[in-house]
Amino acid sequence: METKLKAKRFYQLHLFLGIFGSSFLLVIGITGSLLVYGKEIQSFLTPIQIPNHTHRLSFDVLYQRLVPQLPEGSIAGWLVSDLSNQPDQIWFHDTNIPSNEVVYLLDPYSGKIIGSLNENRSDSVYGFILVLHYSLFFGKIGYFLTGCFAIVYFLLVITGIKLYKRFWISLFRFRWKESIQILFSDLHKFVGINFIWFHLILSVTGAWWSIRDTIIRTESEEKIVHGLWTDSKSIESLIENTKTKIHGFNLGYISFPHHSKDEPIGLYGNRNNSNGFESRYGSYVLFDTNTNQLLKLVDISRESIQNQFLDSFRPLHFGTFANHFSKVIWILCGLSPAVLSVSGIMIFYQKRKNKRKVLKQKTQS
């Protein structure tokens, strides 16, 4: 009797969490699958013509060609494209509009600006899907909410395991000739159990990022200080210096000083021979802006197991650790939260419908 009571409570908790988080799972599942090949989708739907070249221009030359094309202000960040036919992205603060940050698209082969985007890049296909996925277009509050929903997602997985702890008995059973409720129940169990490893990866990594960025790393209001970096300083020399410190360093992002005079310039990337579970920005170096003195170096391959584990969250979440093989699997698995959402709603609806039908029959009799 006590065992049945516990099972009923777990079912009620699972049901409540499912109703509460079903819409989120539906959105997050579809957008997550699209994001796996989001950049390629962006390139296909809104192609940006960049002539094919063998080599990019040096960062010093690009910076010198970039500055005259910009209004008065400061460059905050430089995202180096990981696709040869896509532009670099330059985060820029305009002195005339301090609160506004624009993302300029830079052709790395000519140094010409070929377009611009909003700060969160939501006016591009890829950016729209990305912002919807991680913040639901509610900014920092939305980012925190998605973290809360990720925790709900995790609890759904745990309660699901508890409910179907003897899952192997009917794991591959699909009762096609039975009622719609039973068929959706079989589908729900099948997708929930078979992709349980995937659900755990998504829920844990998503919840961690939200908690880390909204609770652990609380940041004060950003203040912009202009003129901290000029084209008289060499980016290339810092990159070469970094490569002597981190063998095979592959640059992914440059963070320029734009908050205070003491802020360093940061080069973020990974190693060319790194395993697939190292993120693109896991290794980094910080240099003094004025003296080029090395202030901090992080080679993720030499970090603790804990730091390497946390760094692996990015390739695990987006399925990039085994190139196209893992990406295709992640697209298919990424739809499983949406399937669970729809099947769960249908199970609940059919149960309510059947209860009302039975109650009506009793009333009539």
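Refer to the structure presented above.
Residues numbered from 1 in each chain as written. Predicted model: local features only at pLDDT ≥ 70, side-chain atom pairs only at ≥ 80, totals over all residues. Heavy atoms only, no water.

A.B. asks: Residues and numbers for a positive patch on the surface, please.
C.D. replies: Side chains of Lys-8, Arg-352, Lys-353, Lys-355, Arg-356 and Lys-357 sit close together on the surface and give a patch of like positive charge. With respect to the helices and strands, Lys-8 occurs in helix H1 (residues 2-36). (Patch = residues over 30% accessible without salt bridge, like charges linked within 9 Å, V, L, I, M, F, W, Y side chains within 5 Å. Areas by Shrake-Rupley, 256 points an atom, 1.4 Å probe, with all protein chains shown as cover. Salt bridge = Lys/Arg side-chain N within 4 Å of Asp/Glu carboxyl O. Lys, Arg positive; Asp, Glu negative; His and termini not counted. Charge placed at Lys NZ, Arg CZ, Asp CG, Glu CD. Helix = DSSP H or I, 4+ residues; strand = E, 2+ residues; numbered from the N terminus.)

A.B. asks: Lay out the pattern of salt bridges in plain terms, naming residues and giving numbers.
C.D. replies: One side chain can pair with another of opposite charge once the charged atoms of both are near each other. All chains considered together, the criterion is met by seven salt bridges. For the salt bridge of Lys-39 with Asp-82, the shortest nitrogen-to-oxygen distance reads 3.2 Å. Remark: Asp-82 occurs in the loop between strand E1 (73-79) and strand E2 (88-94) and Lys-39 occurs in helix H2 (residues 38-45); sequence separation between them is 43 residues. Residue Asp-82 is classed as partly exposed on the basis of its relative accessible area, which comes to 43%. (Buried < 20%, exposed > 50% of the residue type's maximum accessible area, 1.4 Å probe, protein only.)

A.B. asks: Hey, could you go over the nonpolar core for me, with residue numbers and the actual values?
C.D. replies: Where a protein is soluble and globular, its nonpolar side chains tend to be buried together. Ranked by size, the top nonpolar core spans 26 residues in total, and within it Trp-78, Ile-235, Ile-254, Phe-256 and Leu-267 carry the most contacts. Contributing elements (two or more residues each) for this core: helix H3 (59-66), E1, E2, strand E3 (97-106), helix H8 (235-245), strand E5 (249-255), strand E6 (265-271) and strand E7 (283-287). When residues in this core are grouped by element, the largest group, four residues, is from H3. Excluding anything up to four places from it in sequence, Ile-254 contacts Phe-59, Ala-76, Gly-77, Trp-78, Ile-235, Ile-265, Gly-266 and Leu-267. Among the nonpolar cores identified, the runner-up in size contains 15 residues, and Ile-28, Phe-149, Leu-156 and Trp-330 belong to it. (Core = buried A, V, L, I, M, F, W, Y, C linked by side-chain atoms within 4.5 Å. Contact = heavy atoms within 4.5 Å.)

A.B. asks: Tell me about the packing of aromatic side chains, and please be specific about residues and values.
C.D. replies: Per the stated rule, a full pass over the model turns up 19 aromatic pairs. Ring centres of Phe-309 and Phe-313 lie 5.1 Å apart, and the angle between their planes is 80 degrees; on these two criteria the pair is classed as edge-to-face. Both rings, one in Phe-321 and one in Trp-330, keep their centres 5.2 Å apart while their planes meet at 80 degrees; by these two values the pair is edge-to-face. Relative accessible area serves as the criterion here: at 23%, Phe-321 is assigned to the partly exposed category. Owing to a relative accessible area of 5%, Trp-330 belongs among the buried residues under this scheme. Among the aromatic side chains, those forming a connected cluster through ring pairs are Trp-197, Phe-198, Phe-277, Phe-321 and Trp-330. (Phe/Tyr/Trp six-rings, centres within 6.5 Å; stacked < 30°, edge-to-face > 60°.)

A.B. asks: Please give an account of H2 that cites residues and values.
C.D. replies: Buried within H2 we find Gly-38, Gln-42 and Ser-43. Around the axis of H2, the buried residues are gathered within 140 degrees of arc, so they sit on the same side. (Arc of directions from axis to C-beta.)

A.B. asks: Break down the layout of surface pockets for me, with residues and values.
C.D. replies: Gaps left between atoms are located by rolling a probe of water-molecule size over the structure's atoms. Here the second largest pocket defines a volume of roughly 610 Å³. Looking at the lining of the second largest pocket, the elements with two or more residues in it are H1, helix H5 (139-163), helix H6 (180-194), helix H7 (196-216) and helix H12 (336-364). The residue makeup of the lining of the second largest pocket, split by class, is 16 nonpolar, eleven polar and two charged. (1 Å grid on protein atoms, 1.4 Å probe; cavity = no way out; pocket = protein on both sides within 12 Å on 5 of 7 lines; lining within 4 Å. Points joined across faces, edges and corners; volume = space filled by probe spheres on them. Nonpolar A, V, L, I, M, F, W, Y, C, P; charged D, E, K, R; others polar.)

A.B. asks: If you had to explain the packing of H6 against H12 to someone new, which residues and values would you point to?
C.D. replies: Packing of H6 against H12 brings their axes to within 9 Å, and their N-to-C directions diverge by 150 degrees. As the angle between them shows, H6 and H12 are arranged roughly antiparallel. When you trace H6 past H12, the crossing you get is left-handed. Judged by residue contacts, Ile-180, Gln-181, Phe-184, Ser-185, Leu-187, His-188, Val-191 and Gly-192 of H6 engage Ser-336, Val-339, Leu-340, Ser-343, Gly-344, Met-346, Ile-347, Gln-350, Lys-351 and Asn-354 from H12. (Axes fitted to C-alpha atoms, helices over the stretch in contact; angles between N-to-C directions. Parallel < 35°, antiparallel > 145°, perpendicular 65-115°, else oblique. Left-handed = near helix turned anticlockwise from the far one by under 90°.)

A.B. asks: I'd like to hear about the packing of H3 against H8, residue by residue, with values.
C.D. replies: Contact pair H3 / H8: the axes reach a minimum separation of 7 Å and the direction vectors enclose 150 degrees. Between H3 and H8, the angle is such that the two are roughly antiparallel. When H3 is examined against H8, the residues Phe-59, Asp-60 and Tyr-63 are found in contact with a partner set consisting of Ile-235, Glu-236 and Ile-239. For the contact of H3 with H8, the class distribution of residues is four nonpolar, no polar and two charged.

A.B. asks: Please provide a residue-by-residue account of the side chain of Ser-81, values included.
C.D. replies: Take Ser-81: it is sitting in the loop between E1 and E2. Note on Ser-81: relative accessible area 18%, which makes it buried. For Ser-81, the side chain forms a polar contact with the main-chain oxygen of Gln-86, separated by 3.3 Å. Excluding residues within four positions of it along the chain, Ser-81 makes contact with Gln-86, Pro-87, Asp-88 and Arg-280. (Polar contact = N/O pair within 3.5 Å; in protein donor to acceptor, adjacent residues only side chain to side chain.)

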